[in-house]
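Here are the chains, one letter per residue:
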Amino acid sequence: MRKTWTMRAAFVAVMIGGLALSGWAASPTMKMTTTLAPGIAIPDKVESRLGTLQFFDGFPDKAAVEKIYDNLDFQRAVQAYLLAIPAVSQAYNRNEILKLGPANTTVPIFENRMDSKSVFLTPNTETPYSWMWIDLKGGPVVLEAPPKVLGALNDMWYRWVVDIGLTGPDKGAGGKYLIIPPGYKGEIPQGYFVVKAPTFNLWAPWRSFVVNGDPKPGVDLVKKHTRVYRLSEAANPPAMKFVNVSGRDFGTVAPSNYAFWELLNQVVQEEPSESLDPIRLGFYASIGIEKGKPFAPDARMKKTLNDAALVGDATARAISFHTRQKEAFYYQGSNWQLPFIGGYRFETQPHVLNMDAYIFYYFMATGVTPAMEEKMVGQGSQYAWTAKDSTGASLDGGKSYRLHLPPNIPVKNFWSVIIYDNQARSMVQTNQQFPSVGSQQKDLVVNADGSVDIYFGPKPPAHKANWIQTLPGKGWNTILRLYSPTEAWFDKTWRPGEIELIQ
């Protein structure tokens, strides 16, 4: 009897030992036992990128739980950061602009165009911007848009709402836009271009145009015709305040430290939850940013959020400067990229957000409208961007380069090439007020065949023509802008040269 019991015990020990060696412990086979398929059970000890994780029959121990939750909080925070880049960019933009005066009645204008003194995401130097904010919390707002502008309304999550001006319903003639806030149930009068806004805060940027090298005629039209007032104030609109911000030392590029999360919280608290999808709001809530609740992370979570902001910023830079998406490149064998991948909604498949396209654009740029990416021959604008030379090396401010633009540059209106700092993604700041070369410049040198050569470097070439100054020790990137592009851009029969290092 004792011998039989000993043999059975030994058999069970061997069975249990065999199960442990295979990575997990299990009970002996019983009457109701079902064999588990591979991959269901977790071993009692796991070596992972988080280190060693210990379990008792699938139940994690305290040390494993702490590692896992630290990792989960960090992962969610990094993804929340990447998803929130547009909203935080808008919030910082809005907060800085409102220092000039209240929303609705304050219109900042770059009367002599924007120059490199102002730190904004990849702006142009050719057209005077108007850059105002609309606040709908007090009810519907009327925006009387001026004629001969090109612009749009973007909501607080940085989504396109409607075009204004040449590509909008007023077709460049100017007109009255009635902007309806979320949840509005009142009567909507006739005689307006009616716009239903998903958020209470809206950005209304537009460009006026230079006439024979002079920005003043376009600026005068903006000042003469722009009016913003609540519908309830239509009989007695308030006075407008126009602020010239050309050459002003200020900026709207959002920070990538802990302040990022405070800005995101501001947007979540101010805007209706219905204005964004549950997934993004769920990511924000998982790190403590939830509508109607205080954002008060403890010391551990603050450290996690700081770390996540650092990694999020680094990730956005990797995605932007080293894309893995072949469809980002406009030409085969070229380093010229399109800023819009998957259109202004960043969807390379129907109803599927292309995450890297979304992150790249909002990290590098401002302003979303179909007029900047759809095929509109002779209208709108098109863009080509690169941060690399013809060999794929990063552009170095200590070296000299040349860009050749072949004859018949495909524009109905004008074109420009502007360079930007890789850190702030704003204009490179040197001794040049405008770090650009374009067709509106009176001193532009055009080759005999109609082509144009543009030079970049810390020192000008011997002929000093078409030169953009760079700084040693600083990297840069550039955008080729085509205003009212012609068919040769879209069918690719015209193609810009690559940026060539001058030895």
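Residues numbered from 1 in each chain as written. Predicted model: local features only at pLDDT ≥ 70, side-chain atom pairs only at ≥ 80, totals over all residues. Heavy atoms only, no water.

Engineer: Could you give an account of the overall build of the chain, naming the residues involved and the relevant values?
Structural biologist: Within the chain, the secondary structure is distributed over 8 helices and 21 strands. Along the longest, intermediate and shortest principal axes, the C-alpha atoms of the chain span 110 × 65 × 40 Å. The proportion of buried residues among the 503 residues of the chain is 50%. Summed over all atoms, the accessible surface of the chain reaches about 24,100 Å², with 55% contributed by carbon and sulfur. Here the chain contributes 51 positive and 45 negative side-chain charges, whose respective centroids are spaced 2 Å apart. (Helix = DSSP H or I, 4+ residues; strand = E, 2+ residues; numbered from the N terminus. Buried < 20%, exposed > 50% of the residue type's maximum accessible area, 1.4 Å probe, protein only. Areas by Shrake-Rupley, 256 points an atom, 1.4 Å probe, with all protein chains shown as cover. Lys, Arg positive; Asp, Glu negative; His and termini not counted. Charge placed at Lys NZ, Arg CZ, Asp CG, Glu CD.)

Engineer: Kindly report on the packing of helix α6 (residues 299-321) against helix α7 (residues 355-364), identifying the contributing residues and their values.
Structural biologist: At a minimum axis distance of 9 Å, the contact between α6 and α7 shows a crossing angle of 100 degrees. Classified by the angle their axes make, α6 and α7 are roughly perpendicular. Of the residues in α7, those touching α6 at D313, A316, R317, I319, S320 and F321 are D356, I359, F360, F363 and M364. A per-class count over the contact of α6 with α7 returns 7 nonpolar, 1 polar and 3 charged. (Axes fitted to C-alpha atoms, helices over the stretch in contact; angles between N-to-C directions. Parallel < 35°, antiparallel > 145°, perpendicular 65-115°, else oblique. Contact = heavy atoms within 4.5 Å. Nonpolar A, V, L, I, M, F, W, Y, C, P; charged D, E, K, R; others polar.)

Engineer: Tell me what's going on with the sheet that holds strand β18 (residues 452-457), and back it up with residues and numbers.
Structural biologist: The strand order across the open sheet formed by 4 strands is β19-β18-β15-β21, and the pairing between neighbours is mixed. Of all strands in the sheet, those with a lone pairing partner are β19 (467-469) and β21 (499-501), marking the two edges. Adjacent strand axes in the sheet meet at a mean angle of 25 degrees, parallel and antiparallel pairs treated alike. The sheet contact formed by strand β15 (residues 401-405) and β21 spans 3 bridges and is antiparallel. (Pairing = 2+ DSSP bridges.)

Engineer: Account for the pattern of salt bridges, with residues named and values stated.
Structural biologist: On inspection of all chains with the given rule, the structure shows 15 salt bridges. Measuring nitrogen to oxygen at the nearest pair gives 3.0 Å for the salt bridge that ties E270 to R94. On the criterion of sequence distance, the pair formed by E270 in helix α4 (residues 259-270) and R94 in helix α2 (residues 62-97) is long-range, its members being 176 residues apart. What makes E270 partly exposed here is its relative accessible area of 26%. Taking the shortest distance from any N to any O, the salt bridge between D421 and K474 comes out at 2.9 Å. With a gap of 53 residues between them, D421 in strand β16 (residues 411-421) and K474 in the loop between β19 and β20 (476-485) connect regions that are remote in the sequence. One network of salt bridges, in which partners are shared, links D70, D73 and R300. (Salt bridge = Lys/Arg side-chain N within 4 Å of Asp/Glu carboxyl O.)

Engineer: Please set out the packing of aromatic side chains residue by residue, giving values where relevant.
Structural biologist: For the structure shown, the criterion picks out 30 aromatic pairs. Relative to Y344, the ring of W160 has its centre 5.3 Å away and its plane inclined at 75 degrees; by these criteria the two rings are edge-to-face. A residue pair is termed long-range when its members are at least 10 positions apart, and W160 in strand β8 (residues 160-165) and Y344 in the loop between α6 and α7 qualify at 184 residues. Members of the aromatic cluster, joined through ring pairs, are F110, F120, Y129, W131, Y158, W203, F250, F340, F346, Y358, Y361 and Y362. In this arrangement the basic side chain of R425 is found over the ring face of F363, its NZ or CZ atom lying 3.8 Å from the centre. Positioned above the aromatic ring of Y330 is the side chain of K492, whose terminal nitrogen or guanidinium carbon lies 4.5 Å from the ring centre. (Phe/Tyr/Trp six-rings, centres within 6.5 Å; stacked < 30°, edge-to-face > 60°. Lys NZ or Arg CZ within 6 Å of the ring centre and 35° of its normal.)

Engineer: Before we move on, can you summarise helix α3 (residues 216-225) with the specific residues and values?
Structural biologist: All of the buried residues in α3 are G218, V219 and V222. Around the axis of α3, the buried residues are gathered within 100 degrees of arc, so they sit on the same side. Turned more than 90 degrees away from the buried face of α3 sit K216 and K224, all of them exposed. Tucked inside the fold, the buried residues of α3 contact β4 (106-109), β5 (129-135), β11 (201-207) and β13 (241-244). (Arc of directions from axis to C-beta.)

Engineer: I'd like to hear about the sheet that holds strand β6 (residues 141-145), residue by residue, with values.
Structural biologist: With respect to topology, 4 strands assemble into an open sheet ordered β10-β9-β6-β12, the strand pairing being mixed. Each of the sheet's edge strands pairs with one partner strand only, and the pair in question is β10 (193-196) and β12 (227-230). Across the sheet, the axes of successive neighbouring strands diverge by a mean angle of 20 degrees, strand direction being ignored. Here 5 bridges tie β6 to strand β9 (residues 175-180), and the two strands are oriented antiparallel to one another. The residue bridging L143 from the neighbouring strand is Y177, located in β9.

Engineer: How would you summarise empty space enclosed by the protein if you had to cite specific residues and measurements?
Structural biologist: Leftover empty space is mapped by rolling, across the atoms, a probe with the size of a water molecule. For the structure on display, the rule yields 2 cavities of 30 Å³ or more. In this structure, the largest cavity spans a volume of roughly 430 Å³. Lining the largest cavity are 33 residues, and of these R207, T366, G367, M372 and Y383 sit closest to its centre. Elements with a contribution of two residues or more to the lining of the largest cavity: β5, β7 (150-155), β11, α7, β14 (381-386) and β20. Class assignment for the residues of the lining of the largest cavity results in 21 nonpolar, 9 polar and 3 charged. (1 Å grid on protein atoms, 1.4 Å probe; cavity = no way out; pocket = protein on both sides within 12 Å on 5 of 7 lines; lining within 4 Å. Points joined across faces, edges and corners; volume = space filled by probe spheres on them.)

Engineer: Before we move on, can you summarise unusual backbone geometry with the specific residues and values?
Structural biologist: Of note, the phi angle at F346 is positive, near 60 degrees, even though the residue is not glycine. By secondary structure assignment, the location of F346 is in the loop between α6 and α7. The class of F346 is buried, set by a relative accessible area of 1%. Not every positive phi belongs to a glycine, and K492 is a case in point at roughly 65 degrees. Checked against the element boundaries, K492 lands in the loop between α8 (487-490) and β21.

Engineer: Please set out the packing of α2 against α4 residue by residue, giving values where relevant.
Structural biologist: At a minimum axis separation of 8 Å, α2 and α4 run at an interaxial angle of 75 degrees. Considered as vectors, α2 and α4 are oriented roughly perpendicular to each other. Between α2 and α4, the residues in contact are A77, A80, Y81, A84, I85, A87, V88, A91, Y92, R94 and N95 and F260, W261, L263, L264, Q266, V267 and E270, respectively. Looking at the contact of α2 with α4 residue by residue, the class counts come to 14 nonpolar, 2 polar and 2 charged.

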